[in-house]
Amino acid sequence: MRIVLLVSLLVAIAPASALSDEDEWDGLAPGEGREEVYYACQACHSLAIVKQQGLSRESWDESLIWMVEEQGMPELVPEERELVLDYLSKLYGPDRKAQSQ
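Residues numbered from 1 in each chain as written. Predicted model: local features only at pLDDT ≥ 70, side-chain atom pairs only at ≥ 80, totals over all residues. Heavy atoms only, no water.

Draft legend 1. View of the environment of Asp26. Assignment of secondary structure puts Asp26 in the loop between helix 2 (21–24) and helix 3 (34–41). Look at Asp26 and you get partly exposed, because its relative accessible area is 40%. Separated by 12 residues in the primary sequence, Asp26 and Tyr38 place their C-alpha atoms 8.1 Å from one another. With residues up to four places along the chain from it excluded, the contact list for Asp26 reads Tyr38, Leu47 and Lys51. (Helix = DSSP H or I, 4+ residues; strand = E, 2+ residues; numbered from the N terminus. Buried < 20%, exposed > 50% of the residue type's maximum accessible area, 1.4 Å probe, protein only. Contact = heavy atoms within 4.5 Å.)

In structure tokens, the structure reads:
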């Protein structure tokens, strides 16, 4: 009887505690660099800001420079910076709406 009760309890709470991939990353699209973007950006602001921008790689780069120089964002190491810029320009660039259709 105890085993049946325990299994029933685990089945009942498992879906509530499981996060979808989208929830885990606050809606960031899957792709190489997502984890780096998540941790670099959400430390200071909502990821909704990131997802709505639609900037070119050059504009994302200028934004990173501004955030480091003016907002106190820790500077990313060069390899991580390239990964972040690749991810943002590919998945949240000017043509992001066309990619999602």
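Now that the structure is up, let's keep going.
Draft legend 2. Representation of the pattern of salt bridges. Considering all chains together, one arrives at three salt bridges under this definition. In this structure, Asp86 engages Arg57 in a salt bridge whose closest nitrogen and oxygen atoms are separated by 2.5 Å. With Asp86 in helix 6 (residues 78–91) and Arg57 in helix 5 (residues 57–71), this pair connects stretches of sequence that are 29 residues apart. Overall, Asp86 belongs to the partly exposed group, its relative accessible area being 39%. Ionic pairing is found between Asp61 and Arg81, a salt bridge with its closest N-O pair at 2.4 Å. One end of the pair, Asp61, is in helix 5; the other, Arg81, is in helix 6, with 20 residues separating them in the sequence. Judged by relative accessible area, Asp61 falls into the partly exposed class, the value being 25%. For Arg81, a relative accessible area of 17% puts it in the buried group. Linked by salt bridges that have partners in common, Arg57, Glu82 and Asp86 make up one network. (Salt bridge = Lys/Arg side-chain N within 4 Å of Asp/Glu carboxyl O.)

Draft legend 3. Focus on the state of the cysteines. Applying the stated criterion across every chain, the model contains zero disulfides. Between Cys41, a cysteine without a disulfide, and Cys44, which holds the nearest cysteine sulfur, the sulfur-to-sulfur distance is 8.6 Å. Judged by its relative accessible area of 9%, Cys41 is buried. Of the residues examined, Cys44 reaches a relative accessible area of 57% and is grouped as exposed. (Disulfide = S-S within 2.5 Å.)

Draft legend 4. Region of the structure containing the packing of helix 5 against helix 6. For the pair helix 5 and helix 6, interaxial distance at closest approach is 9 Å and the crossing angle is 130 degrees. Classified by the interaxial angle, the pair formed by helix 5 and helix 6 is oblique. Along this stretch, helix 5 crosses helix 6, giving a crossing that reads as right-handed. For the pair helix 5 and helix 6, the contacting residues are Arg57, Trp60, Asp61, Leu64 and Ile65 in the first and Arg81, Glu82, Val84, Leu85, Asp86, Leu88 and Ser89 in the second. Of the residues contributing to the contact of helix 5 with helix 6, the split by class is six nonpolar, one polar and five charged. (Axes fitted to C-alpha atoms, helices over the stretch in contact; angles between N-to-C directions. Parallel < 35°, antiparallel > 145°, perpendicular 65-115°, else oblique. Left-handed = near helix turned anticlockwise from the far one by under 90°. Nonpolar A, V, L, I, M, F, W, Y, C, P; charged D, E, K, R; others polar.)

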